[in-house]
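Observations on the model geometry
Residues per chain, in single letters:
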Amino acid sequence: MSRLSPLNWPVIKQLRDGDAFGRDHNAESPKSEHMHARTSEADRVVKSVCPYCAVGCGQLVYVKDEKVIQIEGDPDSPISRGRLCPKGSASEQLVNSSSRQTEVLYRAPKSTEWQRLDPDEAMDMIAERFIESRRNGWQDTDQFGRPVNRTMAIAGLGGATLDNEENYLIKKLFTAAGAIQVENQARI
C-alpha cells in the first residue's frame, strides 16, 4: 500500500485500529518512538519557587550530576498547579546562562574597575556601612521637639522576586533599625 493511500489517512487509521481519539500508537511517529523526556535522566528532583515575581509559583528542578537540566511547574503547588508563565518557564536558562554572575563584584567610589570580593568581606562592608549610616543620620526628635526615633539616612526598596514572608522580614528589619523609608517595587 502506498504512503498516499487513503487507508493511511490518520482518521481512517484511527477508526481501523480502534483508536478513535488518536491517543494510542497512531499518534506516534517513527521519530517519537525512540525519544524520551530529558527529565527521565535526572538524578533527583528538588522542589523550589520561581524567582521572578511575588506570586510564588512552585517549580520542580531536575538535577543530574549536580547540574540543573530542566525546570518545570510543580503540579502539587496550590498556587500555580503545575503552570508557569513564560519567564518562569525560562528559569533553566537563567540558572545555566554563561553570562550569569556567580561572584561578588565591587567597584570602589570613583574607580572604573570591578574587583572580586569574598562574600563574607562584602557582607561585613554592607553591615558596617548600614550601621554607620544609621548612626550618622539618627534623629531623636523632629524640628518641633517631638520624639521620632528614626533615621532618614537609610531606605529600603524590596523587589517582587521576594515572597511575602521575605518582604515582611525585611520591613521588620528596617523598621527596627529606625528607617521609615521602606518601599516595595511591587507597589510602584
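Above this text you will find the structure in question.
Conventions we followed
- Every residue gets a number counted from 1 within its own chain, in the order that chain's sequence is written.
- In keeping with the predicted nature of the model, local features appear solely for residues at pLDDT of at least 70, side-chain atom pairs appear and are counted solely at 80 or more, and the whole-chain, interface and lining totals rest on all residues.
- Note that the side-chain values use all heavy atoms of the structure and ignore hydrogens as well as water.
- Elements are defined by DSSP. Helices are runs of H or I of four residues or more, strands are runs of E of two residues or more, and each kind is numbered from the N terminus.
- Each radius of gyration reported is based on C-alpha atoms, and the globular scaling rule is 2.2 Å times the count of residues to the power 0.38.
- Three exposure classes are used, based on accessible area relative to the maximum for each residue type with a 1.4 Å probe and protein chains only: buried under 20%, partly exposed in between, and exposed over 50%.
- Helix span, as expected, comes to 1.5 Å for every residue beyond the first.
- When DSSP finds two or more bridges between two strands, those strands count as paired.
- Lines fitted to the C-alpha atoms define the axes, with helices restricted to the stretch that makes contact. Angles between their N-to-C directions range from 0 to 180 degrees.
- Residues qualify for a patch when their relative accessible area is over 30% and they have no salt bridge, like charges being joined within 9 Å and the nonpolar side chains of Val, Leu, Ile, Met, Phe, Trp and Tyr within 5 Å.
- Residue exposure ignores everything except the shown protein chains as possible cover, and the areas themselves are Shrake-Rupley values with a 1.4 Å probe.
- One side-chain nitrogen of Lys or Arg within 4 Å of one carboxyl oxygen of Asp or Glu is enough to make a salt bridge.
- The charge count treats Lys and Arg as positive and Asp and Glu as negative. His and the chain ends do not count.
- Each charge is placed at NZ for Lys, CZ for Arg, CG for Asp and CD for Glu.

Re the overall build of the protein chain
Along its length, the protein chain carries six helices and eight strands. Secondary structure of the protein chain in N-to-C order comes out as α-α-β-β-β-α-α-β-β-α-β-β-α-β. Against the 2.2 N^0.38 benchmark of 16 Å for 188 residues, the protein chain shows a C-alpha radius of gyration of 28 Å, more extended than a compact globule. Seen through its principal axes, the protein chain has C-alpha atoms that stretch 95 × 40 × 30 Å. Within the span of the protein chain, comprising 188 residues, buried residues form 22% of the whole.

Quick word on helix α6 (residues 164–176)
An ideal rise of 1.5 Å per residue puts 18 Å on 13 residues; α6 measures up with 18 Å between its terminal C-alpha atoms. Residue G178 follows α6 closely and has a positive phi angle near 95°.

Some details on the sheet that holds strand β3 (residues 67–73)
Taken together, three strands build an open sheet; the order of strands is β1-β2-β3 and the sheet is antiparallel. Among the strands making up the open sheet, the edge pair consists of β1 (44–49) and β3. Recorded for the sheet is a direction-independent mean angle of 30° between the axes of neighbouring strands. Here β1 runs beside strand β2 (residues 58–64); their pairing, made up of six bridges, is antiparallel. Residue pairing in the sheet places S48 in a bridge with Q59 of β2.

Some remarks on unusual backbone geometry
The phi angle at K110 is positive, at roughly 70°, despite the residue not being glycine. Note that K110 resides in the loop between β4 (104–106) and β5 (115–117). Judged by relative accessible area, which is 86%, K110 ranks as exposed. Phi at N149 is positive, roughly 45°, even though this residue is not glycine. With respect to the element layout, N149 can be found in strand β7 (residues 147–158). Owing to a relative accessible area of 47%, N149 belongs among the partly exposed residues under this scheme.

Description of a nonpolar patch on the surface
A cluster of nonpolar side chains, contributed by L7, W9 and I12, occupies part of the molecular surface with about 300 Å² of accessible area. Following the sequence through the fold, W9 ends up in the segment before α1 (10–16).

So, a negative patch on the surface
A surface patch of like charges, here negative, comprises D118, D120, E121, D124, E128 and E132. Its location among the elements puts E132 in helix α5 (residues 119–136). Among the residues examined, E132 registers a relative accessible area of 44% and is labelled partly exposed.

Digging into the pattern of salt bridges
This model, assessed by the stated rule, comprises six salt bridges. D74 is the salt-bridge partner of K47, the closest N and O atoms lying 3.0 Å from each other. Of this pair, K47 sits in strand β1 while D74 sits in the loop between β3 and α3 (86–89); the two residues are 27 residues apart in sequence, bridging distant segments of the chain. By relative accessible area, which is 52% here, K47 ends up exposed.

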